[in-house]
Amino acid sequence: PALTESGAVMQRELFGPDEESFVLALEACVAANHTSAAVAVFRQMEELGYGPGIDAYTAVVRAFGRAGDVASAMGVFREMRERFHGQLTRGAYEAVADACVASPHTIKYACRYLTEM
């Protein structure tokens, strides 16, 4: 069993996807406006034990924002902020601000997030 397990780890590390591959797939989903596919890729990352890191979370925020689902974009952003203890990238803040600007009801949140940058 230990040999099989180590073989699976080696195969994943040598031939399987890495976090960067997943982020590229997420970015492709965002570019194609396939929010549900982006969410599926994100969940697969989690299931396979990859991150997800800030770039993956940011892509999902962008996907929801582009789809006009501001509540989900903000929810993912809050989860990301909590997970990374507020240590986020400028791109993460820009993604949630862009999502908030899309709706007149949430533009005040965009201003708040921009002041946190």
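I will try to describe carefully the structure that is included in this document.

Turning next to the overall build of the protein. Check the secondary structure of the protein and you find seven helices and zero strands. Ordered by position in the sequence, the α and β elements of the protein form the string α-α-α-α-α-α-α. When contacts within the protein are restricted to residue pairs at least 6 apart in sequence, long-range pairs at least 24 apart make up 54% of them. On the protein, roughly 7,000 Å² of surface is accessible, and the fraction owed to carbon and sulfur atoms is 55%.

Turning our eyes to something else, we now look at the environment of Ala-73. Structurally, the position occupied by Ala-73 is in helix α5 (residues 70–83). Considered as a pair, Ala-73 and Val-61 are twelve residues apart in the sequence and their alpha carbons are 4.5 Å apart. Those residues in contact with Ala-73 that sit more than four places away from it in its chain are Val-61, Phe-64, Gly-65, Val-96 and Ala-99.

Running from N to C, α5 and helix α6 (residues 90–101) point in directions that differ by 155 degrees, and their axes come no closer than 9 Å. The angle between the axes of α5 and α6 places the two elements in the roughly antiparallel class. In this structure, α5 meets α6 at a crossing whose hand is left-handed. For the pair formed by α5 and α6, the contact residues are Val-70, Ala-73, Met-74, Phe-77, Met-80 and Arg-81 on the first element and Ala-92, Tyr-93, Val-96, Ala-99 and Cys-100 on the second. In the contact of α5 with α6, the residues fall into ten nonpolar, no polar and one charged.

Take the side chain of Thr-58 next. Here Thr-58 shows up in helix α4 (residues 54–66). Within the structure, Thr-58 has its side chain in polar contact with the backbone oxygen of Ile-54 (distance 2.8 Å). For Thr-58, the contacting residues outside a window of four places in its chain are Met-80, Thr-89, Gly-91, Ala-92 and Ala-95.

Criteria and cut-off values
- Residues numbered from 1 in each chain as written.
- Predicted model: local features only at pLDDT ≥ 70, side-chain atom pairs only at ≥ 80, totals over all residues.
- Heavy atoms only, no water.
- Helix = DSSP H or I, 4+ residues; strand = E, 2+ residues; numbered from the N terminus.
- Contact = heavy atoms within 4.5 Å.
- Areas by Shrake-Rupley, 256 points an atom, 1.4 Å probe, with all protein chains shown as cover.
- Axes fitted to C-alpha atoms, helices over the stretch in contact; angles between N-to-C directions.
- Parallel < 35°, antiparallel > 145°, perpendicular 65-115°, else oblique.
- Left-handed = near helix turned anticlockwise from the far one by under 90°.
- Nonpolar A, V, L, I, M, F, W, Y, C, P; charged D, E, K, R; others polar.
- Polar contact = N/O pair within 3.5 Å; in protein donor to acceptor, adjacent residues only side chain to side chain.

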